[in-house]
Structure formats: C-alpha cells, structure tokens
Amino acid sequence: MSSVIEKGLKRSIEQSEFMAASLMDQPDRLPKTTEKDGTLVTSDTHWWCSGFFSGTLWMLYEATGNETLKKYAENYTMRIEKEQYALDTHDLGFMMNCSFGNGYRITGNENYKKILLQSARSLATRYNENIGVIRSWDNKPKWMYPVIIDNLMNLELLENAYKLSQDSLFDKIANSHATITITNHFRPDYSSCHVVDYDTITNKALKMDTHQGYSSTSAWARGQAWGLYGYTMMYRETGKPEYLEQARKVARFIKNHPNLPSDKVPYWDFDAPDIPNTPRDASAAAVMASALIELSQLDKSEEASAWFDLAEAQIRSLSSPDYLAEFGTNGGFILKHSVGNLNKNSEVDVPLSYADYYYVEALLRLKKLQNEN
Ligand code: GLY
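Residues numbered from 1 in each chain as written. Predicted model: local features only at pLDDT ≥ 70, side-chain atom pairs only at ≥ 80, totals over all residues. Heavy atoms only, no water.

When you look at the overall build of the protein chain in this model, what are you seeing that I'm missing?
Within the protein chain, the regular secondary structure consists of twelve helices and nine strands. Its C-alpha radius of gyration of 19 Å places the protein chain within 12% of the 21 Å reference for a compact globule of 373 residues. If you line up the protein chain on its principal axes, its C-alpha atoms span 55 × 45 × 45 Å. Considering the protein chain as a whole, with its 373 residues, one finds that 60% of them fall into the buried category. Intrachain contacts of the protein chain at a sequence separation of at least 6 include 65% that bridge at least 24 residues. Of note, the protein chain has its 39 positive side-chain charges centred 1 Å away from the centre of its 48 negative side-chain charges. (Helix = DSSP H or I, 4+ residues; strand = E, 2+ residues; numbered from the N terminus. Rg over C-alpha atoms; globule rule 2.2 N^0.38 Å. Buried < 20%, exposed > 50% of the residue type's maximum accessible area, 1.4 Å probe, protein only. Contact = heavy atoms within 4.5 Å. Lys, Arg positive; Asp, Glu negative; His and termini not counted. Charge placed at Lys NZ, Arg CZ, Asp CG, Glu CD.)

Where do I start with the site of the ligand in this structure?
Surveying the vicinity of the ligand reveals the residues Trp48, Asp150, Gln212, Trp220, Arg222, Trp226 and Tyr354. For the ligand, a nitrogen atom lies 2.7 Å from a polar atom in the side chain of Asp150. Take Arg222: an N or O atom from its side chain is 2.6 Å from an oxygen atom of the ligand. Across the complex, the protein chains shield 92% of the 200 Å² of accessible surface that the ligand would expose by itself. Here the shell around the ligand is composed, by residue class, of four nonpolar, one polar and two charged. (Near = heavy atom within 4 Å. Polar contact = N/O pair within 3.5 Å; in protein donor to acceptor, adjacent residues only side chain to side chain. Areas by Shrake-Rupley, 256 points an atom, 1.4 Å probe, with all protein chains shown as cover. Nonpolar A, V, L, I, M, F, W, Y, C, P; charged D, E, K, R; others polar.)

What am I meant to see in the environment of Lys204 here?
With respect to the helices and strands, the residue Lys204 is situated in the loop between strand 6 (195-198) and strand 7 (205-209). For Lys204, a relative accessible area of 57% gives the class exposed. Once the C-alpha coordinates of Lys204 and Gly132 are considered, the two residues, 72 residues apart in sequence, prove to be 9.8 Å apart. Excluding residues within four positions of it along the chain, Lys204 makes contact with Asp197, Tyr198 and Asp199.

How do you make sense of the packing of aromatic side chains when you look at a structure like this?
Geometrically, a pair of aromatic rings is defined through the distance of the ring centres and the angle of the planes. Overall, the coordinates contain 24 aromatic pairs when judged by the stated rule. Pairing Trp48 with Trp226 gives two aromatic rings, centres 6.5 Å apart and planes at 85°, and the pair type is edge-to-face. Within this pair, whereas Trp48 is found in the loop between strand 2 (40-43) and helix 2 (52-64), its partner Trp226 is found in helix 8 (residues 221-238), the two being separated by 178 residues in sequence. Under the relative-accessibility criterion, Trp226 is labelled buried at 0%. Put simply, the rings of Trp47, Trp48, Phe52, Phe94, Trp226, Tyr229, Tyr354, Tyr357 and Tyr358 touch in pairs and so form one group of aromatic residues. (Phe/Tyr/Trp six-rings, centres within 6.5 Å; stacked < 30°, edge-to-face > 60°.)

What exactly am I supposed to notice about the nonpolar core here?
When a protein is soluble and globular, its nonpolar side chains tend to lie buried together. In terms of nonpolar packing, the biggest core is built from 110 residues, with Ile315, Leu318 and Tyr358 touching the most fellow members. With residues near it in sequence (within four places) discarded, Tyr358 still touches Phe52, Phe94, Cys98, Met153, Trp226, Tyr229, Ala286, Val287 and Ser290. Counting seven residues, the second-largest nonpolar core is a separate cluster that includes Tyr145, Val147, Val196 and Tyr198. (Core = buried A, V, L, I, M, F, W, Y, C linked by side-chain atoms within 4.5 Å.)

Could you clarify how one ought to interpret helix 3 (residues 67-78) in this entry?
Residues spaced three or four apart along an α-helix face the same direction, because each turn holds 3.6 residues. With twelve residues, helix 3 should cover 16 Å at 1.5 Å per step; its first-to-last C-alpha distance of 17 Å lies within 8% of that length. Turning to helix 3, its buried residues number three or more, namely Leu69, Tyr72, Ala73, Tyr76 and Thr77. Along the long axis of helix 3, the arc covered by the buried residues comes to 130°, so they all point the same way. The inward-facing, buried residues of helix 3 abut helix 1 (2-22), strand 1 (30-34), helix 2, helix 4 (92-107) and helix 5 (110-124). (Expected span 1.5 Å × (residues − 1). Arc of directions from axis to C-beta.)

Explanation requested: the packing of helix 2 against helix 3 in the structure shown.
One can describe the packing of helix 2 onto helix 3 by two numbers: an axis separation of 8 Å at closest approach and a directional angle of 155°. By the angle between their directions, the pair helix 2 and helix 3 is classed as roughly antiparallel. Crossing of helix 2 against helix 3: the hand is left-handed. Of the residues in helix 3, those touching helix 2 at Phe53, Ser54, Leu57, Trp58, Leu60, Tyr61 and Thr64 are Glu67, Leu69, Lys70, Tyr72, Ala73, Glu74, Tyr76 and Thr77. The residue makeup of the contact of helix 2 with helix 3, split by class, is nine nonpolar, three polar and three charged. (Axes fitted to C-alpha atoms, helices over the stretch in contact; angles between N-to-C directions. Parallel < 35°, antiparallel > 145°, perpendicular 65-115°, else oblique. Left-handed = near helix turned anticlockwise from the far one by under 90°.)

Can you walk me through the packing of helix 2 against helix 4 in this structure?
Packed helices, taken two at a time, are described by the angle between their axes plus the distance between the axes. Packing of helix 2 against helix 4 brings their axes to within 8 Å, and their N-to-C directions diverge by 25°. In this view, helix 2 runs roughly parallel relative to helix 4, as classed from their interaxial angle. Judged by the twist between their axes, the crossing of helix 2 over helix 4 is left-handed. Each of Phe52, Ser54, Gly55, Trp58, Met59, Tyr61 and Glu62 in helix 2 lies in contact with helix 4, whose residues at this interface are Phe94, Cys98, Ser99, Asn102, Gly103, Arg105, Ile106 and Thr107. Residues belonging to the contact of helix 2 with helix 4 are distributed by class as follows: seven nonpolar, six polar and two charged.

What am I meant to see in unusual backbone geometry here?
Trans peptide bonds make up the majority, and among non-glycine residues the majority have a negative phi. For the bond running from Ile275 to Pro276, omega is 10°, close enough to zero to count as cis. Secondary-structure assignment places Pro276 in the loop between helix 9 (241-255) and helix 10 (282-298). The backbone of Asn203 shows a phi angle near 65°, a positive value even though the residue is not glycine. Relative to the elements of secondary structure, Asn203 occurs in the loop between strand 6 and strand 7. The phi angle at Asn345 is positive, at roughly 50°, despite the residue not being glycine.

Right, dumping it as structure tokens:
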C-alpha cells in the first residue's frame, strides 16, 4: 500500500501545481470540471465547490512543506473570501471549512479564523429552530423546505466554529440537524434518500424525494457517501454513540450492497437500472474511503478492520490508471470518472474538485496511520 499512497500523492502534487499555475491569470475563477476534450471549466466563487481546490492545496502543503503549494493555497483560499457573507447557500461548510478551515488549522492565521466564524454565522441563519434542521435550497418551488443528505457535511464548519468560539449555538444546531436527519432521511435498510421535504406549518417531514438520485426510493451513491462521512465526523466531534451507530449502519449498507462492483468504486446510484452499463462515480468512492479510514479508527468493534479494508480497496482502484489521471491531462484534476448530476446530464463521467479533495484526504489519512504503526 505504501507505493500506492506515494504514487497517488506524487501525482496529486504534480497535477495540483499544474492546475494552480494554469489559473493564476484568472483571479476570480476556481476549477470546476473539464469539457469532454479535457479543457478546464471554471466556476465563480459562489459555486458550492469553490473551496475544494484550495483545501487540496493546503493538505498537500501540510504533507510536504512545499512553499509553492502554500502560496497557491493562500491565493486560491482568498479568492472566495467574500462568500463568508453568503446567506443563500447551505454549502458554506464545503466552501469555507475545506479552504479557510484547513488554512487556519495549518497556519493559525487569525484572519482565516474570523472568516470561518462569520461563515458559520451566515450558515446558522438557514436554521429553522421549529423544524430543527438547516434549509438546503431556496429556489425550488417543488418543495416547501428541502433538506438534502449532503447538508450533513456542512455541520463540520459549525463544529469547528463551536471549538473556536465556544458559542454553543453552533453545536446545538449541528446536533439537532444530525439527529433529526437520522429520523427522516433513512430507510429501514439504512440507505438514505437525497431530499426530505419538511412542512413549515406542522414542522414535520412531508416526504422523501430525490434530486440527483435515480429515484426517491433509490440509493444515490454520493448521498450514501455524505451520510457515512457526516455521521463519522459528527461522532468524532461530539462522541455521541448514536452517530457512530449510524455511520456503522451506513458503512454496512455500502459494503454489503450487491451492486457494489469488485473494484469498490460505486455506480452513480446503487439502484441505477442500467447497471453495469452506467457511469461509476469516483467522487463517491473517494468520500467513502476517507470516511471509512476515520471510522476504522473510531469504531472499537471487530468490524473496524472491514471498514479499513474497504477503504484500501477503493484507494487502490482510484490510484490505478483507470481513475488516476496522467500528469498534464484531465485539466489538472487528479481523478477521472465522477458524476455530478446525471439526471440533468450535467458533469457526467468527468473530473470534479471534490473527488480530488477527498482522495487526497484519504491518502494522507492512510499515510498518517502507516507512520504511526
Ligand atoms: N452537494 C451536491 C453534490 O453532492 O452533488
């Protein structure tokens, strides 16, 4: 496994430097994906993925001490500074914690801390205390108060802000959202739907639905990954046994699913009707792998080694030529073959910045464990 990790990290550094250099003349743009011909497609700062690239740069800087990576990390982090005031997105955790959160953890820069706290205050404005959860989208009239499983990931910003400020409101909101999501997003087999719509009059869940999954009863692969990561992270932050239990149940669902392929990189939806002739989602595998490595350390039961083995299998596959891009290709992204939103024919079988972020996080988690043993 050591050589797999070293190869993956070396390629990640080469690709990230190449990508960072390629956008230095466009100071308000961030890498998003590629065209089919490999041309880089960029986003503005408000896109939900605007913080992943700088987060990747920070993690690689931390692992290497390479000052060029640090300069790039600082540059790409500050590009999104103004988003700390955004009130119309639930994705501020992804955006600001992956960028400024890693930056603050690694450098202790006080300006980053201020920006993180403001971002958490902005995110907290989307919390409805009667329903007990943070609202996802505003402009989708099909739903009254939609909440997506992905939103669990944004709770890490609130837990970080709680630690930095001791303001217990952040912790209260994060715990309420995570606990109510266990009740309303999960089915008896511990798969989750993508969207739950809440009724703002009764404050109860109205229905389970989907936006990016195959159907309201299917298991959208990245949604299962967000759930696994979200509850593992919430257990790390709070020590509450119910979050560990939920993470283990989701991990079991993924590990034992008959449609999980032998290379352990899931199809975009576990219930896609055209399996095996449908795209894989490398981003889901990367998020799962990173979460499973952490879960394998937090879970003191005999299942822990199964979580670790599954994560290693996913990282081996992602580090093979099937998924790992050659240097100078793939628009500078590290991994190939992710799916954004297949239902809208958007970002299908392409590189995505969050696949890269969680792949690098997983590699570094594995490397840290190897160094400790
Ligand atoms: N949070 C959006 C996605 O996972 O595609």
